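Letter by letter, the chains look like this.
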Amino acid sequence: MSNITTKKAKFSPGVLSMLPMFYVGWSDSVLSPSEMELIHKQLNQLDFLTEEDRKYLIKWTDPKDPPSPEVFKEWVREIKAYANNIEESKKTSLVNLGIELATSSIGYQAEEIWKSPKTKTALLEIESALGVNGQNSQQLLLNKVGQQTEIEDESYFDPEIMLDVLDGKNKEINERMRKLLRDPAFAYSTVKNKDEYRLEILRQTKELAKQGLSGYAFPKEYGGGSKIGEHIAVFEMLGLHDLSLTVKFGVQFGLFGGAILGLGTEKHHREYIEPMIKTDLLGCFAMTETGHGSNVRGLETTAHYNKEKDTFIIKTPHENASKEYIGNALHSQMAAVFCQLIVNDENHGVHCILVPIRDKQGSLLPGIRVKDCGYKMGLNGVDNGMLWFDDVEVPKENLLNRFGDVDVNGQYVSEISNPSKRFFTMLGALITGRVSVGLAGVSASKSALTIAIKYGLKRRQFAPKEGAAETILMDYPSHQERLLPRLAKTYAYHFALQDLAEEMVNTGRDGDFRKVETKAAGLKSLATWHTTDTIQECREACGGKGYLDENRLSNLKADTDIFTTFEGDNTVLMQLVAKGVLTEFRKSFSENNFFAVMKYLSERFSKKLIELNPSYANNTSASHLLDPRFYAHAFRYREEKLTLSISTRMRKYLGQRIDPNDAFLKCQLHMIELGAAYSERLALTSFQAAIEKVDNARTKEVLEKLCQLYALSIIQQEKGFFLENEYLGSSKTKAIRRMIAKLNQELRPLAGLLVDSFGIPEELLGANIVLYN
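Because the structure is a prediction, the values reported are computed rather than measured. (Residues numbered from 1 in each chain as written. Predicted model: local features only at pLDDT ≥ 70, side-chain atom pairs only at ≥ 80, totals over all residues. Heavy atoms only, no water.)

**Things to note about the nonpolar core**
Formed by 168 residues in total, the largest nonpolar core has its most connected members in F338, Y491, F630, F687, Y710 and L754. At 13 residues, helix 17 (residues 477-507) tops the list of elements feeding residues into this core. (Core = buried A, V, L, I, M, F, W, Y, C linked by side-chain atoms within 4.5 Å. Buried < 20%, exposed > 50% of the residue type's maximum accessible area, 1.4 Å probe, protein only. Helix = DSSP H or I, 4+ residues; strand = E, 2+ residues; numbered from the N terminus.)

Okay, structure coming up:
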């Protein structure tokens, strides 16, 4: 018989018995599909729960509607109210604590029910389904409400603190994704048959939608979450997992859904967004053509307006004008088709029209032809295809008419009269994809570096002398040089793209995206080129082990290679960046306003070239080489000197009456170099700004070393430019090389912790090599 005095309980005994487990389970921010299925099954079988109990508990197993902070506080109050009167010996697990809470709330009358082995077994099954550790439950609960143990040793580097820095504002959603993707429902597939693989990826995409992750980018009034930052974070975290799922998710909810949201108006939002979010409407983004990829303005698919029927006729004019590499093409019911809009025989440029391509049973509609792209180098879980349209008729309402429309009189109308401005405004509305691809590339780099560095810390090769232990790979300076500067670059591009994502979110749907577009083009290019380079180096650093499928580097290499050319070919994008830098977003070279550009640059640079502190050229002191002001100075110098030299060349060519397009071609390679210089300067600025925000002294110190290694590696990489322009002397470049080696050695003991700071669970790495002994 219990001697505990009871009080009026807010919750029934059945609910109280579950509260400790539900609290700890939800503190992980997510319940996965497997957990939900098991929990629902168990709740429906528990005899001691009333119908009201079941309704209440099942309500709090919906990942789309997790418990609010207020509900959490309510749970804690109830747990504490009873737990204070329970003996410590009876708090040894979450199950035991739950039983004691239930018993305490009702006194002795029903103790037999709660003490029975059957009840305890049922609760243990719930505990298992929730995936929580039942031991030391009291301490677990205390930790969850804010008690933490501090490490007093200031020399200790805590990867959890670094992870908090990297996660930033996305901590909650990132932790949710880490747990969710570890669930068996998202286990890596070894299916080689593309059709089976695609169906598995489609199933996982729908699971993500069930979890409420597909709607973050869309307004609440259409079933979304109005959290564009969280949408980008989800895509970034998916980049740590199967990249076919990453791309499938991006096509459905980023490209197709993004086109409807960014280019459509309320009528489109109201009709299509919610079913798209739920995957009831699967769609694809039909922009690229066989003959026109990066040159979107040159697309050949047409949409002729039929005034009599108030419809558009969509036509592929010839075989090579097919839409190609279109993701989701084999599963989609609808395509967002980019085409030349022709009204009253006048071409008004590229617009986007929603074209149904399949019926509800999955059969192709009349006039639609689809061909599977077949097996690819990678991403074989994505159903890429080619599309042709043979005089396909769609209602006028299917035109996504935010920037251009046909009025009731059959006349084309637009609030943006300049066709070029209208075109670039339209593309600017789709910029999220470019930022997301850059972040996914960084995620893949993190995975590759984690695999290679963890292996390098375990694998031994060659003994210094007979009978001695062989040397750990990471202790070789050559191995450090292969991996650690690339690790530093990965940190740099992470911070730069996080800043860009935040800037894009703050710009808002109706803001001016021109500045963001230039930054996105540059950082996406740097990040994805870096991804390709890093994965290759990591593969080589792991030798034959890196070549095995079981260690995932082969898949990372194959899946990410396309990142350098989709969402814009990097080489083309860097020219876009250079144009933005040269005009400071006033005019575009594509409009042939070269004289306006030269006039502006002449005003800025005509007096003379101001050499930025030439005394730097031979300063080899350690304090100078490690000074962040030196890096900012060098990066800015390179950008501005390239800007000036290009403008000087262009003025010369135009003064000689050379055709503007020919003048541009003569400077094309120069412009790509300027684009890279501008983008690296952005990355450095973000890295240095991120360091200033860090409070923990040891974490800040480590980040400073990483930033030093990043900056000096870029200067060393571009030493040809700096030597040619006498910004650096040969003695200084040699000193920089020595300093890079020194920083590598200093960071070597932290190498494992620095990749642990990425917070990638082993299940997501999917590499047996990290378990190597």
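**So, helix 16 (residues 432-456)**
Taking 1.5 Å per residue, 25 residues should reach 36 Å; helix 16 reaches 36 Å between its end C-alpha atoms and fits that length. Counted residue by residue, helix 16 has 23 buried out of 25 residues, so it is predominantly covered. (Expected span 1.5 Å × (residues − 1).)

**Description of the environment of D372**
Residue placement: D372 occurs in strand 7 (residues 368-372). Here D372 falls in the partly exposed class, since its relative accessible area comes to 24%. In sequence terms D372 and M386 are 14 residues apart; their C-alpha atoms lie 6.5 Å from each other. Among all residues touching D372, those that are not within four sequence positions of it are K194, D195, R198, L330, N384 and G385. At a separation of 2.8 Å, a polar atom in the side chain of D372 contacts the side chain of R198. Side-chain polar atoms of D372 contact the backbone nitrogen of G374, separated by 2.8 Å. (Contact = heavy atoms within 4.5 Å. Polar contact = N/O pair within 3.5 Å; in protein donor to acceptor, adjacent residues only side chain to side chain.)

**Considerations on the packing of helix 18 (residues 514-541) against helix 19 (residues 553-560)**
The geometry of helix 18 relative to helix 19 is characterised by a closest axis approach of 10 Å and an angle of 160 degrees between their N-to-C directions. The orientation of helix 18 relative to helix 19 falls into the category roughly antiparallel. The hand of the helix 18/helix 19 crossing is left-handed. Contacts between helix 18 and helix 19 involve T531, T532, I535, Q536, C538 and R539 from the first element and L553, L556, K557 and T560 from the second. Its residues assigned to classes, the contact of helix 18 with helix 19 shows four nonpolar, four polar and two charged. (Axes fitted to C-alpha atoms, helices over the stretch in contact; angles between N-to-C directions. Parallel < 35°, antiparallel > 145°, perpendicular 65-115°, else oblique. Left-handed = near helix turned anticlockwise from the far one by under 90°. Nonpolar A, V, L, I, M, F, W, Y, C, P; charged D, E, K, R; others polar.)

**Remarks on unusual backbone geometry**
Residues other than glycine predominantly adopt negative phi, and peptide bonds predominantly adopt the trans conformation. The phi dihedral of T279 falls on the positive side, at around 65 degrees, and the residue is not glycine. With respect to the helices, strands and loops of the structure, T279 is situated in the loop between helix 14 (266-277) and strand 1 (283-286). Positive phi, normally seen in glycine, also occurs at N344, with a value near 55 degrees. Note that N344 resides in the loop between strand 5 (334-343) and strand 6 (346-356).

**Notes on the sheet that holds strand 4 (residues 323-326)**
If you trace the three strands from one edge of the open sheet to the other, you get 4-8-7, paired in antiparallel fashion. Because the sheet does not close on itself, it has two edges, and the strands there are strand 4 and strand 7. Adjacent strand axes in the sheet meet at a mean angle of 25 degrees when their direction is disregarded. With two bridges connecting them, strand 4 and strand 8 (residues 385-389) associate as antiparallel partners. Each residue of the ladder has a partner; that of I326, found in strand 8, is G385. (Pairing = 2+ DSSP bridges.)

**A look at the packing of aromatic side chains**
A complete count under the given rule lists 15 aromatic pairs for this structure. Look at Y637 and F721: their rings are 6.2 Å apart centre to centre, the planes differ by 55 degrees, and that puts the pair in the tilted class. Taken together, the residues span a long stretch of sequence, with Y637 in helix 23 (residues 628-655) and F721 in helix 27 (residues 719-724) at a distance of 84 residues. Taken as a pair, Y637 and F721 share a single burial class, namely buried. Among the aromatic side chains, those forming a connected cluster through ring pairs are Y493, F495, F635, F687 and Y710. If you follow R369 out to its NZ or CZ, it ends over the ring of W388, 3.9 Å from the centre. (Phe/Tyr/Trp six-rings, centres within 6.5 Å; stacked < 30°, edge-to-face > 60°. Lys NZ or Arg CZ within 6 Å of the ring centre and 35° of its normal.)

**Concerning a positive patch on the surface**
The grouping of K719, K734, R737 and R738 at the surface amounts to a positive patch. For the positive patch, the element with the highest residue contribution is helix 28 (residues 730-747), accounting for three residues. Here R737 is to be found in helix 28. Taking relative accessible area as the criterion, R737 reaches 44% and is therefore assigned partly exposed. (Patch = residues over 30% accessible without salt bridge, like charges linked within 9 Å, V, L, I, M, F, W, Y side chains within 5 Å. Areas by Shrake-Rupley, 256 points an atom, 1.4 Å probe, with all protein chains shown as cover. Salt bridge = Lys/Arg side-chain N within 4 Å of Asp/Glu carboxyl O. Lys, Arg positive; Asp, Glu negative; His and termini not counted. Charge placed at Lys NZ, Arg CZ, Asp CG, Glu CD.)

**Section: the pairing of strand 3 (residues 311-315)**
With respect to burial, strand 3 is a largely interior element, four of its five residues being buried. Summarising the sheet, strand 2 (residues 302-306) and strand 3 pair through five bridges and their orientation is antiparallel. Paired with Y305 across the bridge in strand 3 is F312. Hairpin connection of strand 2 to strand 3: four residues between the antiparallel strands, including D310 at a positive phi of 60 degrees. Relative to strand 9 (residues 392-395), strand 3 runs antiparallel, the two being bridged by four bridges.

**Overview of the confidence of the model for the protein**
Scored by pLDDT, the protein has a mean of 85; 84% of the residues are at 70 or more. Below a pLDDT of 50 lies the segment residues 134-138, which in the model reaches 15 contacts outside its immediate sequence neighbourhood of four places, other chains included. This stretch, residues 585-592, has a pLDDT under 50; its non-local contacts, to residues over four places away or in other chains, come to 19 contacts. (pLDDT = per-residue confidence, 0-100.)

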